[in-house]
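Structural overview for review
Residue strings, one per chain:
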Amino acid sequence: MPTSRSYRDSCGVARALDVVGERWALLIVRELLLTPQRFSELRHALPHVSSNVLADRLRELENNGVIHRGPAETEGSTAYQLTEWGRNLEPIVRGLGEWGVDAPQPPEPSALSASSVLIFLEDAARPDPKAPPTVCRLDLGGRVWTVRLADGRLRVQAGETATADASLRADPKTLSTLLNDPSTLETARANGSIAVVGDLSAIRRLLHTIPRNDHPTTP
């Protein structure tokens, strides 16, 4: 059931943790940074949280004004999305992810969501500003994303694109591996862990936007 525990500390840090300090709360915020999501989508993205705990965290975040519910793309259903106040957590969550790159990896089996990899990609990518504009369609775990490279910037959007130079289908962990070591692209194609349609060089450009001293992981 939802918790109402408090640190009973007037410091802003403690008051913030009263709102988003419960287990899974900030990971839910992470999942909503790029796009609204339905309960089932959040459950898929966070496979190690129980349905009851997820429902409790969502209720707490909604009651505290961090998220709210609105119409989803699927007619007749609702999706959770960040409020304006909740959106103010974005630089904090992204900064926490950057700090956490140097933390130990969790024991297996571990999860890695599409949002995690794409947030890392947005933050770590350093596209060549002289490279031609590139649009890639990514199918990650059954959800489609559009990644645009132009003018030295990389942008991620949820959903389909009318035109794409190339399309890549993979699971998030495989994409993370490719970002870490683009030389594994041909092996992944050969063993069927990814599927590429269109201009393969566009996918290579995307993978090579990450400087080699960075390490793709959850934000």
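To be clear, the structure that these remarks concern was listed above.
An account of the accompanying structure is given in this report. Just so you know, these numbers come straight off a predicted model, no measurement behind them.

We now examine the overall build of the protein chain. Helix and strand counts for the protein chain come out as ten helices and seven strands. What you see for the protein chain is a C-alpha radius of gyration of 18 Å, in line with the 17 Å of a compact globule of 219 residues. Referenced to the eigenvectors of the C-alpha coordinate spread, the extents of the protein chain come out at roughly 55 × 40 × 35 Å. Here the protein chain, with 219 residues, has 42% of them falling under the buried criterion. For the protein chain, the share of sequence-separated contacts (at least 6 apart) that also reach a separation of at least 24 residues comes to 63%. Once the 25 positive and 27 negative side-chain charges of the protein chain are each reduced to a mean point, those two points are 1 Å apart.

The biggest cluster of nonpolar side chains holds 54 residues, and the ones touching the most others in it are V66 and L138. Element by element, the count of residues in this core is highest for helix α7 (residues 114–124), at seven residues. No fewer than three residues from each of domain 1 (12–100) and domain 2 (114–208) sit in this core. Excluding residues within four positions of it along the chain, L138 makes contact with L118, R143, V144, W145, V147, L168, L175 and L206.

The sheet built from five strands is open, its strands ordered β5-β4-β3-β6-β7 with mixed pairing. For this open sheet the edge positions go to β5 (153–158) and β7 (195–198), each flanked by a neighbour on one side alone. Ignoring strand direction, the axes of neighbouring strands in this sheet form an average angle of 20°. Here strand β3 (residues 134–140) runs beside strand β6 (residues 166–170); their pairing, made up of five bridges, is parallel. In the sheet register, C136 faces β6, and the bridge partner there is A166. Along the sheet, helix α10 (residues 200–207) contacts β3, β4 (143–150), β5, β6 and β7; its crossing angle with β3, the most-contacted strand, is approximately 85°.

For R57, the position within the fold is in helix α4 (residues 51–63). Those residues in contact with R57 that sit more than four places away from it in its chain are T3, E22, R23, W24, A25 and I28.

Right, let's talk about the pattern of salt bridges for a bit. Within this structure, the stated rule accounts for 15 salt bridges. Residue R94 is joined to E122 by a salt bridge in which the shortest nitrogen-to-oxygen separation is 2.7 Å. Separated by 28 residues along the polypeptide, R94 in helix α6 (residues 90–100) and E122 in helix α7 bring together distant segments of the chain. You can call E122 partly exposed: its relative accessible area is 21%.

The rules behind each value
Residue numbers restart at each chain and count upward from 1, following the sequence in its written direction. Totals for whole chains, interfaces and linings use all residues, but because this is a predicted model, local features are given only for residues with pLDDT of at least 70 and pairs of side-chain atoms are given and counted only at 80 or more. Side-chain measures were taken over the full set of non-hydrogen atoms in the model, leaving aside hydrogen atoms and water. Only DSSP runs of H or I covering at least 4 residues are called helices, and only runs of E covering at least 2 are called strands; the numbering of each starts at the N terminus. It is over C-alpha atoms that the radius of gyration is taken, and the globule rule equals 2.2 Å times the number of residues to the power 0.38. Note on exposure labels: buried denotes an accessible area under 20% of the residue type's maximum, exposed denotes more than 50%, and partly exposed covers the range between, all computed with a 1.4 Å probe on protein chains only. A contact between two residues is defined here by any heavy atoms of the two lying within 4.5 Å. In this charge count, Lys and Arg are treated as positive and Asp and Glu as negative; neither His nor the chain ends contribute. Throughout, a charge is located at the NZ atom of Lys, the CZ atom of Arg, the CG atom of Asp or the CD atom of Glu. Buried Ala, Val, Leu, Ile, Met, Phe, Trp, Tyr and Cys residues form a nonpolar core when they are joined through side-chain atoms within 4.5 Å. Where each domain starts and ends comes from a domain assignment, either automatic or drawn from a database. At least two DSSP bridges between two strands are required for those strands to pair. For helices, the axis comes from a line fit to the C-alpha atoms of the stretch in contact; other axes are also lines fit to C-alpha atoms, and the angle between any two N-to-C directions lies between 0 and 180 degrees. Here a salt bridge means any side-chain nitrogen of Lys or Arg lying within 4 Å of a carboxyl oxygen belonging to Asp or Glu.

None of this, on its own, says anything about what the molecule does.
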